[in-house]
Amino acid sequence: MRLIIFFSFVLSLTISADTSIRVATPQSELELSTGYYLDLLSVVLDKTEQEYGSAKLVFEPVPVSGSLWKFVLNNKRIDVHWLTPSAAFESHLKRIPVEVLYGGLGLRGLIIKESQQQEFLQVKTLDDLRRFTACQGEQWPDVQVLHYAGLKVHRVEKFESMLDMLRKGRCDYFPRSVIEGNTELAHQGYSEPEFVFLTSVLLYYPMPVHFYVDPQDKALYRRLELGLKAMHDSGELLSFMQQHPVTRHVFEAQRYKNSIVLTLHNPVLPSWYQADDFWLVLLGQKPAK
C-alpha cells in the first residue's frame, strides 16, 4: 500500500504543463524529507505563475550516485536540486540564496537499536560517542563532519540499507535530523520497537540546504529567487515549515529541553558561510563545550 501511495504521488507531479521543471525521482520512499522540498518548490512555482507562467514538477529517474548534482548541469536530466553548499557545488552550480530549512538539517538525533538504548543514555561527551560507529551515506557530506570530529563511520551505499546495517551490528547509530528521525522510523511499520530515535543527546553542526540550478538557466534562477525571497521576507517560509507535516513537530521545543547538545565543525562548507544558531535559540539550547 505504501508503494501504491508513493508512486501515485510521483505520477501526480508528471501532469503536462506549459513549463516542466525536472526534479530527481526520490531514491527511496523512506526518505520522507524529500516531500518538504518538493512541496516548497510547488508553492514557489505557484506564487511566481503570474510573472513566469504555469509550471509543474516532473520526475526524472537518476542513478544512485554522490554526483547527482552533475545532472543539473547543461540541461542534463534535472533542472533543480536541494544541496548543502560545498566548493564543488559553488563552482559549478548557481545557488538560490534563501536557506530553505533554517539550518534544521544539522540538528541530529540518533537512530539506534532499542537493545542499546541504555548504553547510549550514558553518552554525555564526544569522547563517549567515539566508542560507537555511525552509519552514513557513502557520499553524504556528513561523513566528513563525523570524521573531522574523530568519530568512526561505516559508509552505506543505499538509504534502505542503513537500518539493516544497524541490525547486523556493522554500526551502532544512524544520525538523522530531528526533522526526519521519528517520521522515518514510524514509516517503517515495524510491529516491535526494534529501533528508537534517541534525542537525549543531539549532534549539532551547520548543514544549510539551498536549491541549486544550472548557471545557464537564468529564468529558473530568477523565478526561484523571487518566490523564495518573498516567502522568507514575509515570514511565509517559516510558517510553511511550522505547518508542513514533515517539519512541524520540530517546533515543539519542550521535547529537547533536557537534551545534551554536542557541537561539531562542518569542514565541507565554504569559508564564506556563517553558521546560524536558529535552532539552538528556538529550543533554548546552549552547545556543550
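For the structure itself, look to the data block above.
These numbers come from a predicted model, not from an experiment.

Draft legend 1. Representation of the overall build of the chain within the structure. Scanning the chain from N- to C-terminus turns up 12 helices and 11 strands. Counting only residues that meet the buried cut, the chain has 51% of its 289 residues in that class. When the accessible area of the chain is evaluated, it comes to approximately 13,800 Å², of which 50% is carbon and sulfur surface.

Draft legend 2. Up close: empty space enclosed by the protein. Throughout the structure, instances matching the rule amount to one cavity of 30 Å³ or more. As a volume, the largest cavity reaches approximately 30 Å³. As for the largest cavity, its lining consists of Ser 33, Tyr 36, Tyr 37, Leu 101, Leu 105, Ser 177, Ile 179, Glu 180 and Thr 247. Its residues placed into classes, the lining of the largest cavity shows five nonpolar, three polar and one charged.

Draft legend 3. Spotlight on the state of the cysteines. One pass over the full model with this rule turns up one disulfide. Here Cys 135 is linked by a disulfide to Cys 171, with a sulfur-sulfur distance of 1.8 Å. Taking the torsion about the sulfur-sulfur bond, which here is approximately -80 degrees, the covalent link between Cys 135 and Cys 171 counts as left-handed. Of this pair, Cys 135 sits in strand β6 (residues 133-137) while Cys 171 sits in the loop between α8 (162-168) and β8 (173-177), placing them 36 residues apart in sequence. Looking at Cys 171, the relative accessible area reads 1%, which means it is buried.

Draft legend 4. Quick peek at the pattern of salt bridges. Under the defined criterion, the tally for this structure stands at 10 salt bridges. For Glu 90, the salt bridge goes to Arg 95, with nearest N and O atoms at 2.8 Å. A relative accessible area of 26% places Glu 90 in the partly exposed class. Sharing partners across several salt bridges, the network here consists of Asp 164, Arg 167, Lys 168 and Glu 194.

Draft legend 5. Quick look at unusual backbone geometry. At Tyr 102, a position not held by glycine, the phi torsion is positive, near 55 degrees. Its relative accessible area of 14% is what places Tyr 102 among the buried residues.

Draft legend 6. Here's a closer look at the sheet that holds strand β3 (residues 80-83). Across the sheet, three strands lie side by side as β3-β10-β4; this open sheet has antiparallel pairing. Unpaired on one side and paired on the other, β3 and β4 (94-95) mark the two borders of the sheet. On top of the sheet, helix α10 (residues 218-234) reaches β3, β4 and β10 (210-213); it is set at about 160 degrees to β10, its chief contact.

Draft legend 7. Geometry of the packing of aromatic side chains. If you walk through the whole model with that rule in mind, you get eight aromatic pairs. Taking 4.9 Å as the distance between ring centres and 20 degrees as the angle between the ring planes, the aromatic pair formed by Tyr 37 and Trp 82 counts as stacked. Taken together, the residues span a long stretch of sequence, with Tyr 37 in helix α2 (residues 34-47) and Trp 82 in strand β3 at a distance of 45 residues. The buried category is assigned to Tyr 37, whose relative accessible area is 4%. Judged by relative accessible area, Trp 82 falls into the buried class, the value being 13%. Aromatic pair Phe 120 and Tyr 173: ring centres 5.9 Å apart, planes at 70 degrees, arrangement edge-to-face. Of this pair, Phe 120 sits in helix α5 (residues 117-120) while Tyr 173 sits in strand β8; the two residues are 53 residues apart in sequence, bridging distant segments of the chain. Phe 120 gets classed as buried once you look at its relative accessible area, which sits at 0%.

Draft legend 8. Local environment of the side chain of Arg 176. Inspection of the secondary structure puts Arg 176 in strand β8. One polar contact links Arg 176 to Glu 180, side chain to side chain, over a distance of 3.5 Å.

Draft legend 9. Broad picture of α2. Taking 1.5 Å of rise per residue, 14 residues should cover 20 Å, and α2 covers 20 Å from first to last C-alpha, within 8% of that figure. Those residues of α2 that fall on the buried side of the exposure criterion are Thr 34, Gly 35, Tyr 36, Tyr 37, Leu 38, Leu 40, Leu 41, Val 44 and Leu 45.

Draft legend 10. Main features of the packing of α10 against helix α11 (residues 236-243). Two elements in contact, α10 and α11, have axes whose closest approach is 4 Å; the angle formed by their N-to-C orientations is 85 degrees. With respect to α11, the axis of α10 lies roughly perpendicular. In this structure, α10 contributes Met 231, His 232 and Ser 234 to the contact, and α11 contributes Glu 236, Leu 237 and Phe 240. When its residues are assigned to classes, the contact of α10 with α11 shows three nonpolar, two polar and one charged.

Draft legend 11. View of the nonpolar core. Grouped together as the largest cluster of nonpolar side chains are 65 residues, with contacts concentrated most on Leu 40 and Phe 211. Setting aside chain neighbours within four positions, we find Leu 40 in contact with Val 100, Phe 211, Leu 228, Met 231, Leu 237 and Phe 240. Counting 13 residues, the second largest nonpolar core, distinct from the first, contains Ile 111, Leu 166, Phe 174 and Leu 185.

Reading the values: the criteria
- Numbering of residues starts from 1 in each chain and follows the order in which that chain's sequence is written.
- With the structure being a predicted model, the display of local features is reserved for residues of pLDDT at least 70 and the display and counting of side-chain atom pairs for 80 or more, all residues being used for whole-chain, interface and lining totals.
- Working from all heavy atoms in the structure, the side-chain values ignore hydrogens and water.
- Where helices and strands are cited, they refer to DSSP runs of H or I of at least four residues and of E of at least two residues respectively, numbered from the N terminus.
- For every residue, the accessible area (1.4 Å probe, protein chains only) is compared with the maximum for its type, and the residue is labelled buried under 20%, exposed over 50%, or partly exposed between those bounds.
- Accessibility throughout is a Shrake-Rupley quantity obtained with a 1.4 Å probe, and a residue counts as covered only by protein chains that appear here.
- Cavities and pockets are defined on a 1 Å grid built over the protein atoms alone: a cavity is a set of grid points where a 1.4 Å probe fits but cannot escape, while a pocket is an open set with protein on both sides within 12 Å along at least five of seven lines, and lining residues are those with an atom within 4 Å of any such point.
- Grid points are joined across faces, edges and corners, and a volume is the space filled by probe spheres set on the points.
- Side-chain classes follow a simple rule in which Ala, Val, Leu, Ile, Met, Phe, Trp, Tyr, Cys and Pro form the nonpolar group, Asp, Glu, Lys and Arg form the charged group, and the remainder, Gly included, forms the polar group.
- Here, a disulfide means two cysteine sulfur atoms that sit within 2.5 Å of each other.
- A carboxyl oxygen of Asp or Glu within 4 Å of a side-chain nitrogen of Lys or Arg is what we treat as a salt bridge.
- In this scheme, strands are said to pair when DSSP sees at least two bridges between them.
- Working rule for contacts: check all heavy atoms of both residues, and any pair within 4.5 Å makes them a contact.
- A fitted line through C-alpha atoms serves as each axis, taken over the contacting stretch for helices, and the angle formed by two N-to-C directions is quoted from 0 to 180°.
- Whether two aromatic rings pair depends on their centres lying within 6.5 Å, for rings of Phe, Tyr and Trp, where Trp uses its six-membered ring; planes under 30 degrees apart make the pair stacked, over 60 edge-to-face, and the rest tilted.
- The definition of a polar contact used here is a pair of N or O atoms within 3.5 Å, where within protein one atom must be able to donate a hydrogen and the other to accept one, and adjacent residues in sequence count solely through side-chain atom pairs.
- Every helix has an expected span of 1.5 Å times one less than the residues it contains.
- Each angle gets one of four labels, with under 35 degrees taken as roughly parallel, over 145 as roughly antiparallel, 65 to 115 as roughly perpendicular, and the rest as oblique.
- Buried Ala, Val, Leu, Ile, Met, Phe, Trp, Tyr and Cys residues that are joined via side-chain atoms within 4.5 Å together make up what is termed a nonpolar core.

In short, the description is geometric, and any link to function would need to be established separately.
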